Each structure stands twice: as structure tokens, then as C-alpha cells.
Amino acid sequence: MQVLYKSTRGTKRAYTASEAILKGLSEDGGLFVPDKIPALDIPLSRLAEMSYQETAYEVMSRFLTDFTEEELKNCIANAYDDKFDTEKIAPLVEKNGAFYLELFHGATIAFKDMALSILPHLMTTAARKNRVKNEIVILTATSGDTGKAAMAGFADVPGTRIIVFYPKNGVSPVQEKQMITQKGKNTYVVGITGNFDDAQSGVKKIFNDRELAEQLDKAGFQFSSANSINIGRLVPQVVYYVYAYGQLLAQGRIREGEQINVVVPTGNFGNILAAYYAKLMGLPLGKFICASNENKVLYDFFSTGCYDRNRKFLLTTSPSMDILISSNLERLIYRIAGNDPEKTRELMHGLSETGKYQITEDMQKNLQEFYGNYATEEETAAAISELYKTAGYVMDTHTAVAAAVYAKYKAETKDSAKTVIASTASPFKFTRSVMHAIDKTYDTMSDFELAEELSRIAAVQIPAAIEEIRTAPVLHDRVISAEEMPETVKEILGV
Ligand SMILES: *Cc1c(COP(=O)(O)O)cnc(C)c1O
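Residues numbered from 1 in each chain as written. Predicted model: local features only at pLDDT ≥ 70, side-chain atom pairs only at ≥ 80, totals over all residues. Heavy atoms only, no water.

As annotated in an unreviewed UniProt entry, the chain is Threonine synthase from Blautia argi. Recorded under Cofactor (unreviewed entry), the UniProt text for the chain is reproduced unchanged: "pyridoxal 5'-phosphate". Entered under Sequence similarities (unreviewed entry) in the UniProt record, the comment concerning the chain runs "Belongs to the threonine synthase family." (UniProt positions renumbered as here; feature names shortened; annotations may be inferred.)

This is the structure in C-alpha cells:
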């Protein structure tokens, strides 16, 4: 069964998966969605026996139907190899009655590695399939983790260049150091004097600039996106929910067909949307618990049906979730509107014109599988401290937002279904906030001492990604305003 991809804002043309991966974003500003969600047509019991790579093939081959078996298996083998520090790729560990799905064992110790280690391979394969002669220029706005993970994936991949924009004062010191020390002849990192949404809007504008696209085409370049709006990011993220289900079966923790919940610390809505797609494929998932930090746009949306970005942007200790426009939500909006591109366009128009929109009551009824809540900074810190003190397990600030929201959900609903918490970053990536939550006396320690101490109290080795940046030289120091983004891109490409 062939799956094609259409824009959430128009029905005009359907694209193959490889075309949609190359384009990233649709020309009308919409996001690509599969014209039908393929079924996971294998017995659940088989999931328990499959490796991560095998699971990845079963899931991804259903979505990326114009890739041959050989092409896809090559992409998977090149992505999920010893860049990950465990053969399990995404281990599932039970602590205090919840299952933490550790998505941080890749090159940059955060969950973006799960998709970004395979995207460059999907993209270069897609380029070959579509006889693309141009060099592919990846343009990415990042709230911290995407940028580094994308560069780690694309560095020195022939036929590609990557330009990353990040909010100069909106990422953690470790995140910034990781980015500005990035090696690779084809990598460029630029700081923006604004927040993540400014960077993201700037990238979207560049993508929609036809004139610039023509200029670049003449010079032998074409843009593509590594942001979580690319379906080449979304599809690999469906895999680990299916894999987690298989692991629970293998560990004898659930019966075949038993419904489980997932909790996802959410920013751009890509990760939780992937879980939702897993359910639409047929995976027995119950509730999607959407966890926000104090930038609680999504909590308000799920409680009122009104999405309103007009509010103060807060900097929190979970910076990868400091987002006021959750781009991937558009795919859910499209779905709950009955796959209606007109309605989606109208609402998204409202968002860009007035910063808000209200969904209809019918649409709201289609959101019953979702539960939204948020955690304050205090609640997040308390969740870290409590899990450490009761189970000896140290989680990062983003995962802690999810854990705190899950506790609220359980208290409110008494739902006792087995629950998987997406654990999106290693605590070593946000060491200072994590250690501060555990004991304020750690505040006087240097970053290096903190990492050593974390390693000691959690009985976990310091990840290679952290060891490396201690000595790596700074290779990128450009800082610009959001308005200068198009010019900067031209300058970098010599156009
Ligand atoms: C990106 C990110 C998130 C948010 O994921 P979305 O798919 O954008 O909702 C959560 N935690 C961490 C550590 C991240 O890097």
C-alpha cells in the first residue's frame, strides 16, 4: 500500500515520502501528513522479540513506501549503530511505578538523536532517488538540542550543508558549548538576539521566500529542513513507542493488547505526535499525557480549546520546551478537524495574524485521548529530588516536568494503567539545574566538578559527549538579529 504525503493546508498535490522528506515544509506553509495512516500489520507478540533496528524497519517501511527494503535497511544500519552507547538504543527502566524510556543514549545525549541520526541518510537517499543535483542546505532553528543533534548527524555528509540558528540567551551553557564547538566543513552555527520563536519564524520566512529559492537554485543549492516538522523526523520517532511496547511485553510487564499510557515532555509537539501516530497505526496506547513547563500554552489549549501565544515568554530550567508556537500541533489540528485543509488554514492564519485561534466543539471532542498539564519550576526540581532520594535515579529537568505532570494525572484520575515516560535528555546535559534540585550546596561547584559528582551519586559514567566539549575549541561565534537571517544565509553560501 502506497502512502503519499499532502499538505495540512491544501490538497492540490500528493508527494511521495522521499519528495516530502526533501521538501521539509509544503510550499503553502503547511506540514506534510500521510494521506492514510498505515496499519502496524504484525502480531504484537512479535514486537517482544525484535531489536530496535528490526522494529525501526517494520514501522518506517509502512510510512516510507517509496524506499526499497535495501535503502531503508541501510539507513537504519547507518543510524542506529555504535553512536549509541547501548545496544538497546532506547532502554526502558522502571522506577517508582513508571517506565522511563531513555531516549538519550545517542551522540548528543538527547532524544533528538533518535531521529536526527537517521535523517541525513533518509535525505541523501531521497536525493538520489529523485535525481537531485543541487547541494542540500539544511536550515534549522533550535531551542538547544536540535541544532547540535542535526549537526552531529549531517557533519561532513557529502552533498549537504547545515546552518543552525539558536537564541543566543535561550539555551543552556552546555548546549551552547556543544554547538559552537561543532566540527565539520559543512556546518555553520549562528546565534540570534531573540528567542526560539524568532529564530523559527525567521527560518519559516526563508523557506517561503520564492525569490531566494530561485537564486539558490541557480547557484546549485536547495533548502531542506531538519526541524521536527520534517516527516523524516516524525516517522523515526514513532519507532520507539512501538519498541517500548515490545519491551514491556518482553519483560512480562503487560499482557498482549493491554493499553498503556505515555507521558511526553512537550515543546514543538513532535514527540507526542509520534506517539499518537503509533496509536493510529494500532499500538494499544491509552492516554497521551502532554507535559508542559511554565510556558503552558498547550495546557491552556487542552483545557479551553483556545491556542493563545500572546503571553510572556519564560526562560525555564527545561529550555528545550520553552516554546510558544508548537509547530507540529498543526498536524493534530488537521486530524481533529476531519483532515480538513480549509479549516486548518483558517486557524493557522488566525495564529499568524492574531497569535491565537479557537477550535470548534466538535474538534475538542476529538481530543479526549489527550490530557494536558504543566509543572512549575519548583515542582520540576522537587520531582528530580524525590526520584533521586527514593530510587537513586537521576533524571533531567525535561523528564522531570513529565514525571511531575504524571503525578498530577495519577492523583486526579486514579488511572493505574502502566505508563511510559519519555525521558528526553541525559541529566548530564542539564547538570547544574539537576544538581541544584538535589542539593543547593552543589551550587558552588564548577561544571566539571558537578559532572563528576553526578556521576558518583547516580552511579553512571560521564557520557562521551560531555567529556569531549571540555577540551574542544570554539569554532563558531557569529551573532545576528533575526532580521539579518536571510542575508546571513546568502553570505554563508556565497550567493
Ligand atoms: C526537543 C525536546 C523536547 C520537546 O520535544 P518536542 O518534540 O519538541 O515536543 C523535550 N525535551 C528535550 C530534552 C528536547 O530536546
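Caption draft 1: Representation of empty space enclosed by the protein within the structure. According to the stated counting rule, one finds 4 cavities of 30 Å³ or more in the structure shown. Of the pockets and cavities examined, the largest cavity occupies roughly 280 Å³. Contributing to the lining of the largest cavity are 26 residues, with Phe 111, Lys 112, Gly 267, Asn 268 and Ser 320 lying nearest its centre. Secondary-structure elements contributing two or more residues to the lining of the largest cavity are α7 (145-154), α11 (231-250) and α12 (270-281). Element by element, the count of residues in the lining of the largest cavity is highest for α12, at 3 residues. Grouping the amino acids of the lining of the largest cavity by side-chain chemistry returns 9 nonpolar, 14 polar and 3 charged. (1 Å grid on protein atoms, 1.4 Å probe; cavity = no way out; pocket = protein on both sides within 12 Å on 5 of 7 lines; lining within 4 Å. Points joined across faces, edges and corners; volume = space filled by probe spheres on them. Helix = DSSP H or I, 4+ residues; strand = E, 2+ residues; numbered from the N terminus. Nonpolar A, V, L, I, M, F, W, Y, C, P; charged D, E, K, R; others polar.)

Caption draft 2: Expanded view of the UniProt feature "modified residue: N6-(pyridoxal phosphate)lysine" (unreviewed entry) in the chain. The feature "modified residue: N6-(pyridoxal phosphate)lysine" (unreviewed entry), as given by UniProt, occupies Lys 112 in the numbering adopted here. When neighbours within four sequence positions are excluded, Lys 112 is seen to be in contact with Asp 145, Thr 146, Ala 149 and Arg 233. (Contact = heavy atoms within 4.5 Å.)

Caption draft 3: Region of the structure containing the UniProt feature "domain: Threonine synthase N-terminal" (unreviewed entry) in the chain. In the numbering used here, UniProt assigns the feature "domain: Threonine synthase N-terminal" (unreviewed entry) to residues 5-80. Annotation note: span residues 5-80, helix share 45%, strand share 8%, distance between end C-alpha atoms 26 Å.

Caption draft 4: Looking closely at the pattern of salt bridges. Inspection of every chain in the model, using the stated rule, returns 26 salt bridges. As a salt-bridge pair, Lys 23 and Glu 27 come within 2.8 Å of each other at their nearest N and O atoms. In this structure Glu 27 comes out as partly exposed when scored by relative accessible area, which is 48%. Lys 129 is paired through a salt bridge with Glu 71; the nearest N and O atoms lie 2.8 Å apart. In this pair, Lys 129 is assigned in helix α6 (residues 119-129) and Glu 71 in helix α4 (residues 69-79), connecting sequence segments 58 residues apart. Overall, the relative accessible area of 24% leaves Lys 129 in the partly exposed class. The partly exposed category is assigned to Glu 71, whose relative accessible area is 21%. (Salt bridge = Lys/Arg side-chain N within 4 Å of Asp/Glu carboxyl O. Buried < 20%, exposed > 50% of the residue type's maximum accessible area, 1.4 Å probe, protein only.)

Caption draft 5: Main features of α4. Along α4, the positions that sit buried rather than exposed are Leu 72, Cys 75, Ile 76 and Ala 79. One side of α4 holds all its buried residues, which, seen down the axis, span an arc of 95°. Elements in contact with the buried residues of α4: α3 (52-63) and α6. (Arc of directions from axis to C-beta.)

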